[in-house]
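Here are the chains, one letter per residue:
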Amino acid sequence: MVVAEVVVVTEQLRNDYDVVVVGGGAAGLSAALMLARARRSVVVIDAGAPRNIPAAGVHGLLALDGMPPTELLARGRAEVRGYGGHVVPAQVATLTGADNGFAVALADGRVVRARRLLVTTGLVDELPDIPGLRARWGRDVLHCPYCHGWEVRDQAVGVLASGPLSVHQALLFRQWSADVTFFTHTMPPPTDEDAEKLAARGIAVVSGEVASLEVVEDRLVGVRLSDGTVVGRAALAVSPRMTARADFLATLGLRPAQHPSGVGQYIPSDATGRTEVPGVWVAGNVTDLTAQVGAAAAAGAAAAAQINADLVATDTQRAVDAHRGPFSAESEARICERVTGERRHGL
């Protein structure tokens, strides 16, 4: 007989932490794991809306390829808690500066303070308004060839023109299938240069607006144009507009900026994840719109190391200031030595 042990984890939330991580995806959990192992008090505030939840598995992640996203996150939460970190399901309402740190107000009324903030809330995929498209998102309506290309290899793949990188996306998917069709939809036709590239790779170009998807027995079988024509396809690639989940940062003066590629909005940062607001870092898709799970996790770990180093520098400076203070142990020792010397010389 197999006995299954059910462990109930109490949702803990202290009044203050070294670091509050907002966002419980790969970047946030990886950062929290690093910080907890560095013996920092850390809590992850997780709204529970991971971007990749529609996908059947996470791909391209070494040793964990194909693992369901929910299982990956569950393992991550358990690892963070195993080192004393907290993971709390909650929604952040507002952020404000307070007492050389930050006050994080949650939607349920609770408030927690942090010396440093790391935002890893990811992004929102804004999809074209085509009937049936969102329902198939992450299944046979795809966006990343590195995430899903192997699963649709050698199948009839359509690419919906929906943004500045759509032609590039079509050329990428050609690596996985020789049967790729480019639908111009409501976008301008490809430039002469792009049209030549598509033709050279054997990618057909179909003009006309896409009206809907054809689905049979819960499987995509084609794309229907506004004139009624149906083009058979087993998968459809879409390049969505990507927008950082970061509205709550506005109270700190941080607002999303237009990405140079034109694919959406992100929170700018330097190479370490440090933003223009002292004490605030970002990692993962909130600042790197095209990062896959592995890259997001690595960015979270790297940002955590930078945050810990920043806290070490702050703690060290405080210790030095106290050491030099008028009532420090060093000062007391010097006074005692001087008094002893004066007594010895009869002064």
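The preceding data block contains the structure.
We now turn to the structure provided with this report. Note that this is a predicted model, so its numbers are computed, not measured.

So, how was this worked out
- Residue positions are given per chain, counting from 1 as you read along its sequence in written order.
- This being a predicted model, a pLDDT of at least 70 is required before a residue's local features are given, and a value of 80 or more before pairs of side-chain atoms are given or counted; all residues contribute to the totals for chains, interfaces and linings.
- Only hydrogens and water are removed before side-chain values are computed, so all heavy atoms of the structure are retained for them.
- Labels follow the DSSP assignment, with helices taken as runs of H or I lasting at least four residues and strands as runs of E lasting at least two, numbered in each case from the N terminus.
- Any two residues whose heavy atoms approach within 4.5 Å at even a single point are treated as in contact.
- Fitting a line to C-alpha atoms yields each axis, with helices limited to the stretch in contact; the angle taken between N-to-C directions then spans 0 to 180 degrees.
- We call two directions roughly parallel when the angle between them is under 35 degrees, roughly antiparallel when it is over 145, roughly perpendicular when it lies between 65 and 115, and oblique otherwise.
- Each helix crossing is assigned a hand: it is left-handed if the near helix lies turned anticlockwise from the far helix by less than a right angle, otherwise right-handed if that turn is clockwise.
- Throughout this entry, Asp, Glu, Lys and Arg are counted as charged residues, while Ala, Val, Leu, Ile, Met, Phe, Trp, Tyr, Cys and Pro are counted as nonpolar. The remaining residues, Gly among them, count as polar.
- Between rings of Phe, Tyr and Trp, where Trp is taken as its six-membered ring, a pair exists when centres lie within 6.5 Å; planes separated by under 30 degrees are stacked, by over 60 edge-to-face, and by other angles tilted.
- Counting as a charge over the ring demands two things of the Lys NZ or Arg CZ atom: a distance within 6 Å of the ring centre and an angle within 35 degrees of the ring normal.
- Strand pairing follows a simple DSSP-based rule, namely that at least 2 bridges must link the two strands.

**Notes on the environment of Gln91**
Looking at the secondary structure, you find Gln91 in the loop between strand E3 (86–89) and strand E4 (92–98). With 180 residues separating them along the chain, Gln91 and Ala271 place their C-alpha atoms 27 Å apart. In this view, Gln91 contacts Ala47, Ala105, Leu106 and Ala107; residues no more than four positions away in its chain are not counted.

**Comments concerning the packing of helix H1 (residues 26–37) against helix H2 (residues 69–82)**
Two elements in contact, H1 and H2, have axes separated by 9 Å at closest approach and are oriented at 20 degrees. When the axes of H1 and H2 are compared, the pair comes out roughly parallel. As H1 runs across H2, the sense of the crossing is left-handed. Here Ala26, Leu29, Ala32, Leu33 and Ala36 of H1 lie close against H2, whose contacting residues are Leu73, Gly76, Arg77, Glu79 and Val80. Here the residues of the contact of H1 with H2 are counted per class, giving 7 nonpolar, 1 polar and 2 charged.

**Regarding the packing of aromatic side chains**
Here the structure, examined in full by the defined rule, presents 1 aromatic pair. Ring geometry for Tyr146 against Trp176: centres 5.6 Å apart, planes inclined by 85 degrees, an arrangement best described as edge-to-face. Taken together, the residues Tyr146 in helix H3 (residues 145–148) and Trp176 in the loop between helix H4 (166–173) and strand E10 (180–183) connect sequence positions 30 residues apart. The side chain of Arg14 reaches across the aromatic face of Tyr17, ending 5.0 Å from its centre.

**Looking at the sheet that holds strand E17 (residues 257–258)**
Each strand in a sheet pairs with its neighbour through backbone hydrogen bonds, running either in the same direction (parallel) or in the opposite one (antiparallel). Taken in spatial order, the 4 strands line up as E7-E16-E18-E17 in an open sheet, and their pairing is mixed. In this open sheet, the two edge strands, each paired with only one partner strand, are strand E7 (123–126) and E17.

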